[in-house]
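Descriptive structure summary
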Amino acid sequence: MTRSADVVVYGATSAGVAAAVAAGEAGARVLLLEPGRHLGGMTSGGLGYTDVGDARALGGAAARLRADIAEHYGTAPGRYAGPEPHVAEGIFRRWLERAGVDVEFDARLLGVETAERRGGRDGHRGHDGRDGRELRAVMVAGAGRVEGAVFIDASYEGDLLAAAGVPYRVGREDRSLYGERFAGRQELLPGMHNMPPWVSPFAGDPTGRVEGRILPQLHDRLLAGIGEGDGGVMSYGYRVCLTTAADRIPFERPDDYDEEYWELGRRLFARDRREGVERSAGAMLGLEPNLPGGMADGNSLGPVSLSVLDGSAWEYPDASPERREELRLHHLSHTRGFLYFLSHDPAVTAGIRRELARWGLPRGEFADTGHLPHQLYVREARRMLGERVLTEHDLLAGAIPSDTVALGSYHIDVREVQRVWRWVYEHPEPIGTVFTEGYLSVPVPLYGIPYASLVPRRVDAVNLLVPVCLSASAVAFASVRMEPQYMMLGQAAGVAAALAAGRGDDVQDVDVEVLRDRLRTTGQRVEPV
């Protein structure tokens, strides 16, 4: 079975939805392929509290979503940090229906067909006369073979770009590669997300003086030097919706609960008691009722949190589908276990346990996935090596390139990368101590995200656009990776794809000024105001 469309979008993330809608509204025949069963990725998958940064950067699809949320609840835009997850998915579904976009669920990528092109597509050469590689079709579960004039990889993992042979990087680069101050392995410094000193990593010795088997939840490996590229990937986790509603689902002991897995948490609270530290439940989970209906968006906060810091995220981007599923289930087990640990373990401060007794999972959300989100928070995975690599220098300078198609503004937000241990050479003997490594939060001004960072090199692909796993350094990506930016970049990719498909052009030859003008008509911000 073969299907065809002018524009084929892989991944119904918020970027994928925005791309498909934009291409459909531009008159293209669009097919949206989603490997899972839901629309919206993290926007409908637990990340209710959406990081915005400077609101002046918001336009296009991101502003449209804010307006639709406000209309749904009868409030001013921005009144809530985000919608209830089912509301976000419902809005996306209506957008796709109105744009005439066909959607296929359970359409996991199985393979691709590419060809080295001599001369332009449909018998004409690209504008600069060069040849390139063309993506002809994708094979997906359920939908079979799908041909397209232009393809958009809107997945969080960059699976389509990788399958098509487009080069990419995973993880942190060395500082010397782009001359970035914040690249590579970071110093072991104090901070709210970092483990306080004198928590032992040794399972058999809480004092940290007798080396032995390492506790679970640590990444037991040699540290790279400061600033060295080690391929480190930001930790993943599940963002959870929590509620105090009377019909809430309580945090019950999971069938796979492992007492030893949470020994690290017990040692953290034991250390707190010794030092007179009193943590609140909000400091561990973020229990601010910032969503409609009094719900809270549970976040990864503190030294032990919803984030998994044992190096699982380092493996995930290039893992097989089977191994990814194992890693996903590991994160899901961590999430269930963390909620039970905080609410029931006697080592946890009584105040935290009392507060969490008031909270539970919302009965009306994520009913088909056990009331936990359907989307793992893949903070970063592959990053394309495209026509232009966006770097830390562009962001810190507030650069607005001439081919800007969306604005960014959020901090360079590198979440914790790993939990490790080191010997600390104290008198009279060294002490093994747990450290958290990688966290950074660096303010940036408004900056422009160029079209060239969404586009592969012509030799790699002439008809592929990448609005999520775009061409950026690990440092720059840590700012771009916000859901509003994904939506605006998805919209830009959708309009560009429709332009390229309509004219038979390579994506590298899209008239950027025409693209920018069309984005402006939809309210997209392509320059500061």
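Residues numbered from 1 in each chain as written. Predicted model: local features only at pLDDT ≥ 70, side-chain atom pairs only at ≥ 80, totals over all residues. Heavy atoms only, no water.

**Description of the environment of Gly-208**
With respect to the secondary-structure elements, Gly-208 resides in the loop between helix 5 (175–178) and strand 8 (236–237). Considered as a pair, Gly-208 and Leu-332 are 124 residues apart in the sequence and their alpha carbons are 30 Å apart. Sequence-distant contacts of Gly-208, that is, excluding residues within four places in its chain, are made with Ser-200, Phe-202, Trp-423, Pro-430, Ile-431 and Gly-432. (Helix = DSSP H or I, 4+ residues; strand = E, 2+ residues; numbered from the N terminus. Contact = heavy atoms within 4.5 Å.)

**Side note on the confidence of the model for the protein chain**
Put simply, the protein chain has an average pLDDT of 95, and 98% of its residues get 70 or more. Note on residues 121–127: pLDDT is under 50 here. Beyond four places in sequence and across chains, it has 24 contacts. (pLDDT = per-residue confidence, 0-100.)

**Digging into the nonpolar core**
In terms of nonpolar packing, the biggest core is built from 150 residues, with Leu-342 and Leu-465 touching the most fellow members. Sorting elements by how many residues they give to this core places helix 13 (residues 483–503) first, with 13 residues. Look past the residues within four positions of Leu-342 in its chain and what remains in contact with it is Phe-269, Met-284, Leu-285, Val-348, Ile-352, Arg-353 and Leu-356. (Core = buried A, V, L, I, M, F, W, Y, C linked by side-chain atoms within 4.5 Å. Buried < 20%, exposed > 50% of the residue type's maximum accessible area, 1.4 Å probe, protein only.)

**Comments concerning the pairing of strand 2 (residues 30–33)**
The alternating pattern of strand 2 places Val-30 and Leu-32 on one face and Leu-31 and Leu-33 on the opposite face, and all of these are buried. Sheet topology note: the strand 1 (residues 2–10)/strand 2 ladder contains four bridges and is parallel. Its bridge partner lying in strand 2, Val-9 is registered against Leu-32. Strand direction decides the pairing type here: strand 2 and strand 3 (residues 102–104), joined by three bridges, are parallel. When the bridges of strand 3 are listed, Leu-32 appears paired with Val-103. (Pairing = 2+ DSSP bridges.)

**Some details on the pattern of salt bridges**
By the definition in use, this model includes 41 salt bridges. Arg-3 serves as the salt-bridge partner of Glu-104, at 2.4 Å between the closest nitrogen and oxygen. Here Glu-104, found in strand 3, pairs with Arg-3, found in strand 1; they are 101 residues apart in sequence, far enough to count as distant. Judged by its relative accessible area of 24%, Glu-104 falls in the partly exposed class. Exposure remark for Arg-3: the relative accessible area of 25% places this residue in the partly exposed category. With its nearest N and O atoms 3.2 Å apart, the salt bridge here joins Asp-318 to Arg-382. Of the two residues, Asp-318 is situated in the loop between helix 8 (312–315) and helix 9 (321–344) and Arg-382 in strand 12 (residues 382–384); the sequence distance between them amounts to 64 residues. Within this structure, Arg-253, Glu-259, Glu-263, Arg-266, Arg-267 and Asp-345 form a network of salt bridges that share partners. (Salt bridge = Lys/Arg side-chain N within 4 Å of Asp/Glu carboxyl O.)

**Some words on helix 14 (residues 512–521)**
Counting along an α-helix, one turn takes 3.6 residues, and residues three or four places apart therefore face a common direction. Of all the positions in helix 14, only Leu-515, Arg-516 and Leu-519 are classed as buried. Taken end-on, helix 14 shows its buried residues confined to a sector of 95 degrees, consistent with a single buried face. Tucked into the core, helix 14 has its buried residues touching strand 13 (404–408) and helix 13. The backbone nitrogen of Glu-513 has a side-chain oxygen 3.1 Å away, supplied by the residue at the start of helix 14, namely Asp-511. Immediately downstream of helix 14, the backbone of Gly-523 shows phi near 90 degrees, a positive value. (Arc of directions from axis to C-beta. Polar contact = N/O pair within 3.5 Å; in protein donor to acceptor, adjacent residues only side chain to side chain.)

**Section: the packing of aromatic side chains**
Scanning the entire structure with this criterion turns up 12 aromatic pairs. Here the aromatic rings of Tyr-73 and Tyr-80 are separated by 5.5 Å at their centres, their planes lie at 70 degrees, and the arrangement is edge-to-face. A relative accessible area of 23% places Tyr-80 in the partly exposed class. When the ring of Trp-262 is compared with that of Phe-338, the centres are 5.8 Å apart and the planes differ by 35 degrees; the resulting orientation is tilted. Of this pair, Trp-262 sits in the loop between strand 9 (240–242) and helix 6 (263–275) while Phe-338 sits in helix 9; the two residues are 76 residues apart in sequence, bridging distant segments of the chain. Its relative accessible area of 2% is what places Trp-262 among the buried residues. The class of Phe-338 is buried, set by a relative accessible area of 0%. Each member of the aromatic cluster is reached from another via a ring pair, and the members are Tyr-261, Trp-262, Phe-269, Phe-338 and Phe-341. A cation sits over an aromatic face here: Arg-324 above Tyr-316, 5.0 Å from the ring centre. When the ring centre of Tyr-168 is taken as origin, the NZ or CZ atom of Arg-382, which lies over that ring, is 5.1 Å away. (Phe/Tyr/Trp six-rings, centres within 6.5 Å; stacked < 30°, edge-to-face > 60°. Lys NZ or Arg CZ within 6 Å of the ring centre and 35° of its normal.)

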